[in-house]
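Chain and residue survey
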Amino acid sequence: MLKGRHLVEPGNFSIEEMAGLFTLAEKIEADPLYLRESCRGKLLATLFFEPSTRTRLSFEAAMLRLGGACLGFAEPGSSSASKGESLADTIRTVSCYADAIVMRNPKEGAAMVASRYAEVPVVNGGDGGHHHPTQTLTDLLTIRRLRGHFDGLTVGFCGDLKFGRTVHSLAKALSRYTGIRLIFISPPELKVPDYITQGILKKAGTEYLETDHLEKVMGDLDVLYMTRVQRERFFNEEDYIRLKDSYILTTEKMKAARDDMIILHPLPRVNEIALEVDGDPRAAYFKQTKYGMYVRMALLSSLLGVV
Ligand code: CP
């Protein structure tokens, strides 16, 4: 039962609970009228202290498609946070108005804090470089729909693996499946944090490899998860400029990939996937975006207890 629960990081839900969400999302995809009015009379608050296109709009689209309504803000300057209000007080206040809260915040741990003060379910829409669990639900649903299973897959993560919260969340979630192999492809300055490799993956017994060479491992991959270099998390512009084009996926590089490999990207894309790759049938990142809305419909209807 997910009714009334918070989703702060992927480990909050068991793999059986996530499988239930994927099955529900697939039903919604197959029948767009399924659950159409299930959230009539319910309100979703979207509190975005950082920019977003997909997470905020897909949650709002999900709630509207379920018959509910949305309120909130898309940048903190229009909220009383700009007057110095604490996150705790903001969350206590919004809990009086809404039936569920989705929040994005640049501070790592902010979603956990919010969940302690909320009287309604809190969903983490991204907290700094930490976690982004609904992107993980999106990524896993996409893999399930396009590859059919998780066990035994080799998944390559490429780009900014230091600051990329989607990478941290997905690596953690994948470590719970059997026979998974993870390959982390990044420049040394942007390697995945030790708490993921030495902590989570070692503890789970998940096989992993770290490299800076995409072409060398391309042919091994079932899934290639590209990420952008996150300018907003760098301390200086020079480092960002030096590292931003470390990897650019092109049709030439795709020649080394298997025919059934899929390319995922949480988006937004900057320069790391050339536009020419979009026409490749293995490019799945816009399908992934659509699955994000279906899985958020499944999530909201479950948290609100209407299914
Ligand atoms: N994938 C993702 O979180 O995109 P937005 O930053 O546009 O929400």
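Before reading further, recall that the structure is shown in the block above.
**Concerning the site of the ligand**
- Inspection of the region around the ligand gives Ser 52, Thr 53, Arg 54, Thr 55, Arg 104, His 132, Gln 135, Pro 266 and Leu 267 as its neighbouring residues.
- Taking Arg 54, its main chain carries an N or O atom lying 2.9 Å from an oxygen atom of the ligand.
- In this structure, Thr 55 approaches the ligand through a side-chain N or O atom, which is 2.7 Å from an oxygen atom.
- Contact with the protein chains hides 91% of the accessible area of the ligand, taken as 250 Å² for the molecule alone.
- One can see that the ligand is located within the largest pocket.
- Among the residues forming the shell around the ligand, the class breakdown is two nonpolar, five polar and two charged.
- Each of domain 1 (10-131 + 291-303) and domain 2 (133-289) accounts for three or more of the residues forming the shell around the ligand.

**Focus: the pairing of strand E3 (residues 100-105)**
- For E3, the tally of buried residues reaches six of six residues, placing the bulk of the element in the interior.
- Both faces of E3 are covered, namely the face carrying Ala 100, Val 102 and Arg 104 and the face carrying Ile 101, Met 103 and Asn 105.
- One ladder, built from five bridges, connects strand E1 (residues 43-48) with E3; its direction is parallel. The residue bridging Leu 47 from the neighbouring strand is Met 103, located in E3.
- Bridge count between E3 and strand E4 (residues 122-127): four bridges; the pairing is parallel.

Scoring rules and cut-offs
- Residues numbered from 1 in each chain as written.
- Predicted model: local features only at pLDDT ≥ 70, side-chain atom pairs only at ≥ 80, totals over all residues.
- Heavy atoms only, no water.
- Near = heavy atom within 4 Å.
- Polar contact = N/O pair within 3.5 Å; in protein donor to acceptor, adjacent residues only side chain to side chain.
- Areas by Shrake-Rupley, 256 points an atom, 1.4 Å probe, with all protein chains shown as cover.
- 1 Å grid on protein atoms, 1.4 Å probe; cavity = no way out; pocket = protein on both sides within 12 Å on 5 of 7 lines; lining within 4 Å.
- Sits in = over half its atoms within 2 Å of the grid points.
- Nonpolar A, V, L, I, M, F, W, Y, C, P; charged D, E, K, R; others polar.
- Domains from an automatic or database assignment.
- Buried < 20%, exposed > 50% of the residue type's maximum accessible area, 1.4 Å probe, protein only.
- Helix = DSSP H or I, 4+ residues; strand = E, 2+ residues; numbered from the N terminus.
- Pairing = 2+ DSSP bridges.

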